[in-house]
Amino acid sequence: MQAWRIREPSMWLTEFLTGNRKTYGMNLIGGVSRDLPEGYQARILPVVDRIEKEATAVVDAILEDSSLKLRLQGSGVLSHEAAKAFCVVGPTARGSGLAIDSRSDHPYAAYGEVDFEVCVEQGGDNWARTMVRIRELFQSIKIVRQALAKMPDGPVRAEIKSIPAGREGISSVEAPRGEVHHYVLTGSGQRPYRWRVRAPTYPNLQCVPALLEGMTIADAPISIGSLDPCFSCTERVAVVDRKTGLSRIYTQDELLRQYQARFG
Amino acid sequence: MSNRLLDWCFKKSIWVYHVNTGSCNGCDIEILDVLTPYYDCERFGIKLIHTPRHADALLVTGPVTRQVRERVLRLHQAVPDPKLVIAVGSCPTGGGIWHDSYATCGGLGNVLPVDIYIPGCPPRPEAILYGVAQALGLVPKHVEARTYVEE
Amino acid sequence: MFKHAISELKEVILCLKAGQVTLGYPFEPHPPESGFRGLPRLDGDKCIGCGACANACPPRLISLDDQDGYRTIDFALARCTYCARCRDVCPQQALAMSDQFETATPSPGDLHITIKLRLVRCRECGAVVGTRRAVNKVLNEIPEKLGLPPEKMDWLDVCLSCKRVRALREAVLMAEVDS
C-alpha cells in the first residue's frame, strides 16, 4: 500500500502534463500532439525528488525483511539457459542474467542521449526480478532528470501531409514488461490497414512451466506475478507448418506433453 | 420488512467482483487505485472480493470479446440477487474504439442488463467512486443529452 | 533475526510517518488539473458543420447526416476516448474538453450532443453545397485574401458539378465572343 501511496503523485503530475492520468494521448505520427504546459519543470522535479526519497525509504525498510526474502528467494527460478531458450524479454530476462534492453540495444526517441544502466541480476528467482524492477525505478528517475536538463526548444511535431497506403513499418520499444514490437501496414484514408502487436507478455508466459517446476502451489501466484503478466497481451499458441502451410492450435494437454518430452 | 432491511443493508457497503472482458488494463488499474490510500473505498466498506458468489456487484471493464461473452453470462448468473452491474470505462459503455470490431460484442449493454455506466478512458478513481455512489442511489446524475438547433 | 527486527521496525515507522493521506473526496470536491481532458463540450454558436472532427475522431463517434434543410451532427460520447483530436482539428475552436469527470449514467443516451445547422443546397440541382454557416464564412473571410471579384460570389451556392458546367459554358461563350 505504501508503494501505491508513493506512486499517486506521479499520476497527478501526468494529469497536469498531458490531461489524463493514464491515456496520455501524446503519440501522433510525426511527433507528439501537444507541448508540455507552462511551468512543467517546476512541477516535475519536486515529484521526482519526493518519489526517490520515499522509494529509498521503502526499499531500505524491506531489504532485510526475512519473511519477504523467504517468500521470494529461491522460488520461481528461471536459469540463464532456460531464459535464453524461451526468449524471454524485459525484467524477466534481466533477472536471469540476460542484459537485454531495447533502450540500449536499439535506442529510439531520446534514449541515445541519456545515460542509464541496464539493471541485471544473476539469481533468476522472484527476488532477482523484484530487485531488477526496484533498481530500474531509480534508473528511470535518473533518466527523467537528465532529460529535463537537456530538453531543447522547438516544434513538437513534424508536419506530415498524407500517409501513402501500402507501406509497412516495424518498431521495437522497451515497455515495462520488456520488448514490444509493432507492425503496421498502412491503408487508404490515412488509417492503418493491418496492425499487429507482439507484446512482451507473450514470450514471457512461455517460461511459466519452467518457473513452476518443483514449486508448491503457494509459490505459483507469486512466480507468475513476478513476470508481471498482462493477460490482455496473450493469445493462443498457433503453429504453422512451413512445408504444408497448414496451421493448428495446440491444446493444453498437447503443450504439456511437448514440454515433458523436451525437459523431462 | 425483510426486503426493506435488505435494501437498507445493500446501500451500505457492497462487495464488488471485478471482471476484465478484454480491456487494456487501464480501467483495471484505476479500479485498483480506488483501493489505494488516497481514494480508499474500503472506508465505505467496499472491497474487492475473490468470488462472484459473495459479491453484490460486478465491475466490468473491457469491450466484451467473443471468447469471454459466455463466461461473463455465467459470472452474472453466479452473483446472487440483488445485484448491480457496473460498466467501467468507455469500452463497455459503447464499445470504445472496438465498437465495430469483429472480435467484440460492441459494449456490455448488448450482453448483460447494466445498472450504471461509468465512461472515461480510463475514468478517474473519483469518477468510479461517484459512479458506484450513483448506482446505490446516493448522488444524482450530472449529465444529460444536449441539443442545439440553428434558427 | 536481528536484521529482520530492524527491518520490521523501519516498516512500522514508515507507515506511521505516512499517516493518513486519504483525500476528502467525495465529501469535498477534488477538481482535476487544468488541461484535464474530460467530457467534450460543443459551443453551438461557433460550429460551422465542416466535419473535420468527424474525420479525426478515432472511435468514429461523430456522424453527419444531411436531411431536408438541416445537417445533423451527432456526437455519441458513450464511446469517447477523450483523446481531444476533435478539439485540436476544429477550425472554429468550437469544441473544448471540459473538466467534468462525474459522467456516470444509467443510460448511454445521456451522453449525446446533437447540433442541427441549416444547409445550403445547389440552386441548380439541389445537391448539398455545405452548411449556411460554412458558406457565410467563405463569403466573409476568404474573398479579401484571394482578391476574388464580387461577381464570382454568385457561384457560392452552386455545387461542384454545376460549377464545372457553368465554367465550361462561360468558357465556350468567351471563345465564341473572341472568334
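Here, the structure is the one placed above.
Residues numbered from 1 in each chain as written. Chains lettered and ligands numbered in written order. Predicted model: local features only at pLDDT ≥ 70, side-chain atom pairs only at ≥ 80, totals over all residues. Heavy atoms only, no water.

Undergrad: How should the overall build of chain B be read in this particular structure?
TA: Helix and strand counts for chain B come out as five helices and six strands. Put simply, chain B runs from its N terminus to its C terminus through helices and strands in the order α-β-α-β-β-α-β-α-β-α-β. By the compact-globule yardstick of 15 Å for 151 residues, chain B fits well, its C-alpha radius of gyration being 16 Å. Here chain B holds 151 residues, and the buried ones make up 54% of them. The long-range share in chain B, meaning contacts at least 24 apart out of those at least 6 apart in sequence, stands at 78%. When the accessible surface of chain B is split by element, carbon and sulfur atoms take 54% of a total near 7,000 Å². Both charge centroids of chain B, one from 14 positive and one from 15 negative side chains, sit 8 Å from each other. (Helix = DSSP H or I, 4+ residues; strand = E, 2+ residues; numbered from the N terminus. Rg over C-alpha atoms; globule rule 2.2 N^0.38 Å. Buried < 20%, exposed > 50% of the residue type's maximum accessible area, 1.4 Å probe, protein only. Contact = heavy atoms within 4.5 Å. Areas by Shrake-Rupley, 256 points an atom, 1.4 Å probe, with all protein chains shown as cover. Lys, Arg positive; Asp, Glu negative; His and termini not counted. Charge placed at Lys NZ, Arg CZ, Asp CG, Glu CD.)

Undergrad: Quick question: what am I supposed to make of the interface of chain C and chain B here?
TA: The accessible area lost on association of the parts is a frequent measure of interface size. The interface of chain C with chain B comprises 43 residues on the first partner and 37 residues on the second. Summed over both sides, the interface between chain C and chain B buries roughly 3,600 Å², with carbon and sulfur atoms accounting for 58% of that surface. Here Arg133(C) and Glu150(B) are joined by a salt bridge, their closest N and O atoms 3.8 Å apart. Linking chain C with chain B are 22 residue pairs in polar contact (both at pLDDT 80 or more). Only strand E5 (112-121) and helix H4 (132-146) of chain C provide two or more residues apiece to the side of chain C that touches chain B. In terms of residue count, E5(C) provides more of the side of chain C that touches chain B than any other element does, seven residues in total. In terms of residue class, the side of chain C that touches chain B is built from 23 nonpolar, 11 polar and nine charged. When strand E6 (residues 146-149) of chain B meets E5(C), the two strands line up parallel, connected through four bridges. In the strand pairing of E5(C), Val149(B) is matched with Lys116(C). (Buried area = accessible area lost by both parts, 1.4 Å probe. Salt bridge = Lys/Arg side-chain N within 4 Å of Asp/Glu carboxyl O. Polar contact = N/O pair within 3.5 Å; in protein donor to acceptor, adjacent residues only side chain to side chain. Nonpolar A, V, L, I, M, F, W, Y, C, P; charged D, E, K, R; others polar. Pairing = 2+ DSSP bridges.)

Undergrad: Just to check I follow, could you spell out the pattern of salt bridges for this structure?
TA: Any two side chains of opposite charge can pair if their charged atoms end up close together. The tally for this structure, following the rule as stated, stands at 31 salt bridges over all chains. With its nearest N and O atoms 3.0 Å apart, the salt bridge here joins Asp101(A) to Arg103(A). The pair Asp101(A) / Arg103(A) is uniform in exposure class, with both members buried. Overlapping salt bridges bring together Arg7(A), Glu8(A), Arg21(A), Lys22(A), Glu30(B) and Asp33(B) as one network.

Undergrad: Looking at this model, I keep getting lost on the sheet that holds strand E5 (residues 116-118) of chain B. Mind explaining?
TA: The strands that make up a sheet are held in pairs by hydrogen bonds between backbone atoms, and each pair lies either parallel or antiparallel. Residues and elements named next belong to chain B. If you walk across this open sheet you meet the five strands as E2-E1-E3-E4-E5, and the pairing is parallel. Of all strands in the sheet, those bounded by a partner on one side alone are strand E2 (47-48) and E5. Contacts between helix H2 (residues 26-34) and the sheet are confined to strand E1 (15-20), E2, strand E3 (57-61) and strand E4 (84-88), with E3 contributing the most and set at about 140 degrees to the helix. Running at roughly 170 degrees to E5, helix H5 (residues 125-135) makes contact with E4 and E5 of the sheet. (Axes fitted to C-alpha atoms, helices over the stretch in contact; angles between N-to-C directions.)

Undergrad: I tried to follow a nonpolar patch on the surface on my own but got confused; where do I start?
TA: A surface patch of nonpolar side chains, about 330 Å² in accessible area, is lined by Val138(C), Ile142(C), Leu146(C) and Leu148(C). Here Val138(C) is to be found in helix H4. (Patch = residues over 30% accessible without salt bridge, like charges linked within 9 Å, V, L, I, M, F, W, Y side chains within 5 Å.)

Undergrad: I would appreciate a short explanation of the pairing of E1(B) in the present structure.
TA: All names here are of chain B. Two strands pair when backbone bridges link them, and E1 and E2 are joined in this way by two bridges, in the parallel orientation. Bridging across to E2, tryptophan 15 finds its partner in lysine 47. Taking the sense of rotation as the criterion, the β-α-β connection linking E1, H2 and E2 turns out right-handed. When E1 meets E3, the two strands line up parallel, connected through five bridges. When the sheet's bridge partners are listed, valine 19 is paired in E3 with valine 60. (Right-handed = clockwise from strand over helix to strand, strands pointing away.)

Undergrad: Is there a simple way to think about the packing of aromatic side chains in this case?
TA: How two aromatic rings sit relative to each other is given by the distance of their centres and the angle of their planes. Under the counting rule described, the total for this entry stands at six aromatic pairs over all chains. Judged by centre distance (4.9 Å) and plane angle (75 degrees), the rings of Trp12(A) and Tyr38(B) are edge-to-face. Linking Trp12(A) in helix H1 (residues 2-18) with Tyr38(B) in the loop between H2 and E2, this pair reaches from one chain into another. Residue classification places Trp12(A) among the buried positions, given a relative accessible area of 19%. A centroid spacing of 5.0 Å and a plane angle of 65 degrees characterise the contact between Tyr108(A) and Tyr111(A), whose relative ring orientation is edge-to-face. When the ring centre of Phe16(A) is taken as reference, the NZ or CZ atom of Arg43(A) above it lies at 4.3 Å. In this arrangement the basic side chain of Lys47(B) is found over the ring face of Trp15(B), its NZ or CZ atom lying 4.5 Å from the centre. (Phe/Tyr/Trp six-rings, centres within 6.5 Å; stacked < 30°, edge-to-face > 60°. Lys NZ or Arg CZ within 6 Å of the ring centre and 35° of its normal.)

Undergrad: Explain the interface of chain C and chain A to me, please; I cannot follow it from the model alone.
TA: The interface is formed by 25 residues belonging to chain C together with 24 residues belonging to chain A. Roughly 2,000 Å² is buried in total at the junction of chain C and chain A, and carbon and sulfur atoms are behind 49% of that figure. When residues of chain C are sorted by the area they lose upon contact with chain A, Leu14(C), Glu33(C) and Arg37(C) head the list and together hold 30% of the total. Seen at the junction of chain C and chain A, the total is two salt bridges. Inspection of the region where chain C meets chain A yields 12 residue pairs in polar contact (both at pLDDT 80 or more). For the side of chain C that touches chain A, the elements supplying multiple residues, two or more each, are helix H1 (2-18) and helix H3 (85-89) of chain C. Counting residues per element, the side of chain C that touches chain A draws most heavily on H1(C), at eight residues. Its residues assigned to classes, the side of chain C that touches chain A shows 11 nonpolar, six polar and eight charged.

Undergrad: I'm lost on the nonpolar core in this one. Help?
TA: In globular proteins that are soluble, nonpolar side chains generally tend to be buried together. Ranked by internal contacts, the top residues of the largest apolar core, which has 30 residues, are Ile14(B), Ile86(B), Val88(B), Ile128(B) and Val132(B). When residues of this core are traced back to their parent elements, those giving at least two are H2, E3, E4, E5 and H5 of chain B. The biggest single contributor to this core is H5(B), with five residues. Apart from the residues lying within four places of it in its own chain, the contact partners of Val88(B) are Cys27(B), Ile31(B), Leu59(B), Val60(B), Thr61(B), Gly62(B), Ile118(B), Pro123(B) and Ile128(B). Membership of the second largest hydrophobic core comes to 25 residues, among which are Cys57(C), Phe75(C), Leu77(C) and Cys90(C). (Core = buried A, V, L, I, M, F, W, Y, C linked by side-chain atoms within 4.5 Å.)

Undergrad: What is the right way to look at the packing of H1(A) against helix H2 (residues 40-62) of chain A in this model?
TA: All names here are of chain A. Their axes nearest at 9 Å, the elements H1 and H2 cross at an angle of 165 degrees. It follows that H1 is roughly antiparallel to H2 by the angle criterion. Here H1 runs over H2; the crossing is left-handed. Within the contact between the two elements, H1 uses Arg5, Ile6, Pro9, Ser10, Trp12, Leu13, Phe16 and Leu17 and H2 uses Tyr40, Arg43, Ile44, Val47, Arg50, Ile51, Glu54, Ala55 and Val58. For the contact of H1 with H2, the residue count by class is 12 nonpolar, one polar and four charged. (Parallel < 35°, antiparallel > 145°, perpendicular 65-115°, else oblique. Left-handed = near helix turned anticlockwise from the far one by under 90°.)

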